[in-house]
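# Descriptive analysis of the structure
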Amino acid sequence: MAQSYLALGYFLDLIGRLKVATFVELGIHVGGMAAIMSNCERFADWDYSYLGVEINPGLIHLKVKKHAHLIIGDCFDKEVVNAIKGFVHTRGSPAVIYCDNGEKRKEVIIYEPILRSGDFIYAHDYGTEILDEDIAFLYETCDRLDLTDLIEAKVVGFRKR
Ligand SMILES: C[S@@+](CC[C@H](N)C(=O)[O-])C[C@H]1O[C@@H](n2cnc3c(N)ncnc32)[C@H](O)[C@@H]1O
């Protein structure tokens, strides 16, 4: 799994504290994070769903394939974006979109417009694969979550106003 314990702890806390309705992970690789985030469906006493998106199905662990909601496809493909939008918008709030494929900058550009007020967008590898200039446009519609935990986890996050 590509996440630090700090990032996992942060997201598990967020899901429980805010009763997150949907957690979307863009780029799941083997599915280490997917296994944890989808498993929350079994324990949440509110309507919570996980959705993972991966372009290369051969990478995904069989148990994740069997148990998690997945979309196999390119997260920049219009049909995939619409399917994710449909998944998020037919469920409650807030939704979390976690950008973790190879092109975080492009992901935040494509996925910010599907956020509703109160939804979150995060990107992994802040400081290396996504830089301040890549996220500057988000300040127009979102508030930045300036938390030490997030920065230490190399994650940057925003919440739509
Ligand atoms: C850094 S890994 C994800 C790690 C995972 N989030 C975790 O925490 O275990 C990036 C993944 O994104 C996938 N990917 C790359 N481009 C993609 C695209 N356009 N659409 C969907 N997935 C993509 C890659 O195949 C790879 O498995």
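Right above here is the structure, for reference.
Procedures and definitions
- Position labels on residues start from 1 in each chain and follow its written sequence.
- This being a predicted model, a pLDDT of at least 70 is required before a residue's local features are given, and a value of 80 or more before pairs of side-chain atoms are given or counted; all residues contribute to the totals for chains, interfaces and linings.
- Helix numbers and strand numbers start at the N terminus; a helix is a DSSP run of H or I with at least 4 residues, a strand a run of E with at least 2.
- C-alpha atoms define the radius of gyration, and 2.2 Å times the number of residues to the power 0.38 defines the globule rule.
- Each residue is classed by its C-beta neighbour count within 10 Å, where at least 20 other C-beta atoms makes it buried, 12 or fewer makes it exposed, and intermediate counts make it partly exposed; the C-beta atoms are placed from backbone geometry.
- Contact criterion: two residues are in contact if their C-beta atoms, reconstructed from the backbone, are within 7 Å.
- Assignment of crossover handedness uses the view with strands pointing away from the viewer, where a clockwise path from the first strand over the helix to the second indicates a right-handed crossover.
- Whether a residue is near a molecule or strand depends on its C-beta atom, generated from backbone atoms, being within 6 Å of that molecule or strand.
- Each residue receives one of three labels: charged for Asp, Glu, Lys and Arg, nonpolar for Ala, Val, Leu, Ile, Met, Phe, Trp, Tyr, Cys and Pro, and polar for the others, Gly being one of them.
- Taking the helix axis as origin, the arc is that swept by the directions to the C-beta atoms.
- To count as a nonpolar core, a set of buried Ala, Val, Leu, Ile, Met, Phe, Trp, Tyr and Cys residues must be joined through C-beta atoms within 7 Å.
- By the convention used here, strands pair only if DSSP detects at least 2 bridges between them.
- Between N-to-C directions, angles cover 0 to 180 degrees, with each direction set by a line fitted to C-alpha atoms, over the stretch in contact for helices.

## With respect to the overall build of the protein chain
- Scanning the protein chain from N- to C-terminus turns up seven helices and seven strands.
- Helices and strands appear in the protein chain in the N-to-C order α-β-α-β-α-β-α-β-α-β-α-β-α-β.
- Taken over the C-alpha trace, the protein chain has a radius of gyration of 14 Å; the compact-globule value for 161 residues is 15 Å, and the two agree within 12%.
- Expressed along its principal axes, the backbone C-alpha trace of the protein chain runs to roughly 40 × 30 × 30 Å.
- Taken over 161 residues, the protein chain has a buried fraction of 39%.
- Taking as baseline every contact in the protein chain between residues at least 6 positions apart, the subset at least 24 positions apart corresponds to 65%.

## Some thoughts on the pairing of strand S2 (residues 49-54)
- Within S2, six of the six residues are buried, which leaves it mostly tucked inside the rest of the structure.
- After leaving strand S1 (residues 22-26), the chain enters helix H2 (residues 32-43) and then returns to the sheet as S2, a path that is right-handed.
- Chirality of the crossover, the property in question, places the unit of S2, helix H3 (residues 62-67) and strand S3 (residues 70-72) among those that are right-handed.

## Topic: the site of the ligand
- Close to the ligand lie 20 residues; Gly27, His29, Met33, Cys75 and Asn101 are nearest.
- Where the shell around the ligand is concerned, the elements lending two or more residues are H2 and S2.
- A class-by-class count of the residues in the shell around the ligand yields nine nonpolar, seven polar and four charged.

## With respect to helix H5 (residues 104-111)
- Of all the positions in H5, only Lys104, Glu107, Val108 and Tyr111 are classed as buried. Along H5, the residues classed as buried sweep out an arc of 95 degrees about the axis, all on the same side.
- Buried residues in H5 make contact with S1, strand S4 (95-99), strand S5 (120-124) and helix H6 (132-135).

## Considerations on unusual backbone geometry
- At the junction of Ser93 and Pro94, the peptide bond is cis and its omega measures out at -5 degrees in the coordinates.
- Relative to the elements of secondary structure, Pro94 occurs in the loop between helix H4 (78-89) and S4.
- A positive phi angle is found at Lys154, which is not glycine, with a value near 60 degrees.
- Secondary-structure assignment places Lys154 in the loop between helix H7 (148-152) and strand S7 (155-160).
- With 19 C-beta atoms packed within 10 Å, Lys154 lands in the partly exposed category.

## Considering the environment of Ile121
- Positionally, Ile121 belongs in strand S5.
- On the basis of neighbour count, Ile121 is assigned to the buried category, with 26 C-beta atoms found within 10 Å.
- Taking the C-alpha atoms as reference points, Ile121 and Ala2, separated by 119 residues in sequence, lie 18 Å from one another.
- If we ignore the near neighbours within four places in the chain, the residues touching Ile121 are Ile97, Cys99, Val108, Tyr111, Glu112, Leu115 and Phe158.

## A word on the nonpolar core
- Val24, Val96, Ile97, Cys99, Ile121 and Tyr122 are the most contacted members of the largest nonpolar core, which totals 45 residues.
- In terms of residue count, the dominant contributor to this core is S4 (five residues).
- Ignoring anything within four residues of it in the chain, the contact list for Ile97 reads Val24, Leu26, Tyr111 and Ile121.

## A closer look at the sheet that holds S2
- The seven strands lie next to each other as S3-S2-S1-S4-S5-S7-S6, forming an open sheet whose pairing is mixed. In this open sheet, the two edge strands, each paired with only one partner strand, are S3 and strand S6 (142-144). Between one strand and the next, the sheet's axes are offset by a mean angle of 20 degrees, whatever the strand orientation.
- Of the strand pairs in this sheet, S1 and S4 are connected by five bridges, and their pairing is parallel. Within S4, the residue paired with Phe23 across the bridge is Val96.
- Lying over the sheet, H5 contacts S1, S4 and S5, oriented at roughly 170 degrees with respect to S5.

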